[in-house]
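What follows is each chain in one-letter form.
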Amino acid sequence: LIWNISLQARIDAALSNGEIYLAYQPKIMVQTGEIVGAESLVRWEDPVKGHIPPDYFIRQCETAGRMSQLTRFVLEEACKAGNAFEAEGLHLPIAVNISATLLHERSIVTMVSDVLDKTGFDPRRLTLEITETFRISNLDLAAEILGELKALGTKISMDDFGVGAASLEALLRLPFSELKIDRMFIAPMTNDPKALGIVKSVLQMGKDLRIIVVAEGVEDAGTLTLLRDSGCVVAQGFAISRPVTFDKILEYHRDSEKPPKEGMV
Ligand code: C2E
Ligand code: CA
Ligand code: CA
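The rules we used
- Residues numbered from 1 in each chain as written.
- Chains lettered and ligands numbered in written order.
- Predicted model: local features only at pLDDT ≥ 70, side-chain atom pairs only at ≥ 80, totals over all residues.
- Heavy atoms only, no water.
- Near = heavy atom within 4 Å.
- Polar contact = N/O pair within 3.5 Å; in protein donor to acceptor, adjacent residues only side chain to side chain.
- Areas by Shrake-Rupley, 256 points an atom, 1.4 Å probe, with all protein chains shown as cover.
- Helix = DSSP H or I, 4+ residues; strand = E, 2+ residues; numbered from the N terminus.
- Nonpolar A, V, L, I, M, F, W, Y, C, P; charged D, E, K, R; others polar.
- Donors = N, O, S within 2.8 Å, 3.2 Å for Na, K, Ca; no water.
- Buried < 20%, exposed > 50% of the residue type's maximum accessible area, 1.4 Å probe, protein only.
- Expected span 1.5 Å × (residues − 1).
- Arc of directions from axis to C-beta.
- Contact = heavy atoms within 4.5 Å.
- Pairing = 2+ DSSP bridges.
- Salt bridge = Lys/Arg side-chain N within 4 Å of Asp/Glu carboxyl O.

Our focus in this paragraph is the site of ligand 1. Around ligand 1 lies a shell of 23 residues, among which Arg 43, Asp 159, Arg 183, Glu 219 and Phe 238 are the nearest. Between a nitrogen atom of ligand 1 and a side-chain N or O atom of Gln 25, the distance comes to 3.1 Å. In this structure, a nitrogen atom belonging to ligand 1 sits 3.2 Å away from a main-chain N or O atom of Val 42. For ligand 1, the accessible surface in isolation is 800 Å², of which the surrounding protein chains cover 86%. Looking at the shell around ligand 1, the elements with two or more residues in it are β2 (35–46), α2 (54–63), α3 (67–87), β4 (94–99) and β6 (155–161). Among the elements that make up the shell around ligand 1, the one with the highest residue count is β2 (4 residues). For the shell around ligand 1, the residue count by class is 9 nonpolar, 6 polar and 8 charged.

Written as structure tokens, this is what we have:
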């Protein structure tokens, strides 16, 4: 309890002194390995306790009423990184996680719009991944807010699809252009026919709805092959790359651009 309270008290300082920063995880084209996006994932490296898991400190941010501050920081850093990738010749869509609890108020629209203005990042390259959709209490209001965010030019993605209640209702009523199948279904798909069946139907559903389906939590080559054979287009996971620094993303891009070595099959 004392640790939580001290953590909550240090959020603002950690946001300004570099203890809180972003890692990036590539999203790749399953067929070619080409990098087609990067998800920003927030990190907190405490000088005493070391790495604090995001799931954990995000809860503390919420309790301390600091979710907006954290989200603004992440949005700004991610857009700046997007511009810096562009300066290196990599026109990369960047994804930012947005907690569904922020869809209870219109201020998120102003926040995103301000950050886009301030950084000059192209909104068409910003994807907002909505996490914890089951926590949306008013779908009508959330639909309006997401509509306004979409009107700014951003893409809206539904994170952790399949987990928690009301996922299909949210999918029906909210303007998503991407959905991410949760790793709960991806991880066991090579040895659990039920998981495979669910993944395949979600992939088919994505085609019918004309939205991109991203498989997340791809941990081994076998799963990646099975996804490719099942018609999955975009994937993300440790088998491809762990969340890494800005520089490593550039390296990944340069490596995947190299022509295959002669004689390689
Ligand atoms: P998420 O949005 O589902 O992000 C993916 C999480 O899965 C990341 O954990 C990532 O490191 C992990 N992951 C990626 N590939 C694999 C894999 O192959 N196997 C396994 N086992 N895990 C994999 P991370 O970074 O610990 O983030 C956890 C959650 O914290 C995120 O889940 C997201 O919901 C939340 N989060 C992270 N950054 C932010 C943020 O800036 N804002 C908000 N609101 N939430 C964030
Ligand atoms: Ca996410
Ligand atoms: Ca997820």
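Further remarks concern the coordination of the calcium ion (ligand 3). Bound to the calcium ion (ligand 3) on the protein side are Asp 159 (OD), Asp 160 (OD), Glu 216 (OE) and Glu 216 (OE), at distances that span 2.0 to 2.8 Å. Each donor residue of the calcium ion (ligand 3) belongs to the same chain, and together they define the spacing D-D-x55-E. If you look at the calcium ion (ligand 3) and the calcium ion (ligand 2), they sit 4.2 Å from each other and are both ligated by Asp 159. Here Glu 216 lies in strand β8 (residues 212–216) and Asp 159 lies in strand β6, a separation of 57 residues in the sequence. A residue is classified by how much of its surface remains accessible, and Glu 216, at 11% relative accessible area, is buried.

Before going further, it helps to examine helix α4 (residues 107–119). Count 3.6 residues to each turn of an α-helix, and residues three or four apart come out pointing the same way. Helix length check: α4 (13 residues) gives 18 Å between terminal C-alpha atoms against 18 Å at 1.5 Å per residue, within 8%. Residues Ile 108, Val 109, Met 111, Val 112, Val 115, Leu 116 and Thr 119 constitute the buried set of α4. Down the axis, α4 shows its buried residues gathered within 165 degrees of arc, on one side only. Of the exposed residues in α4, the ones pointing more than 90 degrees away from its buried face are Asp 117 and Lys 118. In this structure, the buried residues of α4 make contact with α3, β4, β5 (126–131) and α5 (139–151). Immediately downstream of α4, the backbone of Gly 120 shows phi near 70 degrees, a positive value.

On to unusual backbone geometry. Unusually for a residue other than glycine, Glu 132 sits at a positive phi of about 55 degrees. Relative to the assigned elements, Glu 132 resides in the loop between β5 and α5. Not every positive phi belongs to a glycine, and Asp 160 is a case in point at roughly 55 degrees. Counting through the fold element by element, Asp 160 comes out in strand β6.

Turning to the pairing of strand β1 (residues 20–29), a few remarks are in order. Burial analysis of β1 places 8 of its 10 residues in the buried class, the great majority of the element. For β1 and β2, the ladder comprises 9 bridges, and the chain directions are antiparallel. By the bridge assignment, Leu 22 is partnered in β2 with Val 42. If you look at the hairpin formed by β1 and β2, you'll find 5 residues sitting between the two strands, and Gly 33 has a positive phi there, around 80 degrees.

The next thing to look at is the coordination of the calcium ion (ligand 2). For the calcium ion (ligand 2), the full set of protein donor atoms is Glu 39 (OE), Asn 97 (OD1), Glu 129 (OE) and Asp 159 (OD), and the range of their distances to it is 2.1 to 2.3 Å. Between consecutive donor residues of the calcium ion (ligand 2), the sequence gaps follow E-x57-N-x31-E-x29-D.

It is worth spelling out the pattern of salt bridges at this point. Taken as a whole, this structure holds 23 salt bridges when the rule is applied. Linking Arg 72 and Asp 114 is a salt bridge whose minimum nitrogen-to-oxygen distance equals 3.6 Å. You can see Arg 72 sitting in helix α3 and its partner Asp 114 sitting in helix α4, a full 42 residues away along the chain. Overall, the relative accessible area of 31% leaves Arg 72 in the partly exposed class. Residue Glu 129 pairs with Lys 180 through a salt bridge whose shortest N-O separation is 2.8 Å. You can see Glu 129 sitting in strand β5 and its partner Lys 180 sitting in strand β7 (residues 178–181), a full 51 residues away along the chain. The two residues Glu 129 and Lys 180 agree in class, both being buried. A network of salt bridges, in which partner residues are shared, links Lys 27, Glu 39, Glu 129, Glu 178, Lys 180 and Glu 216.

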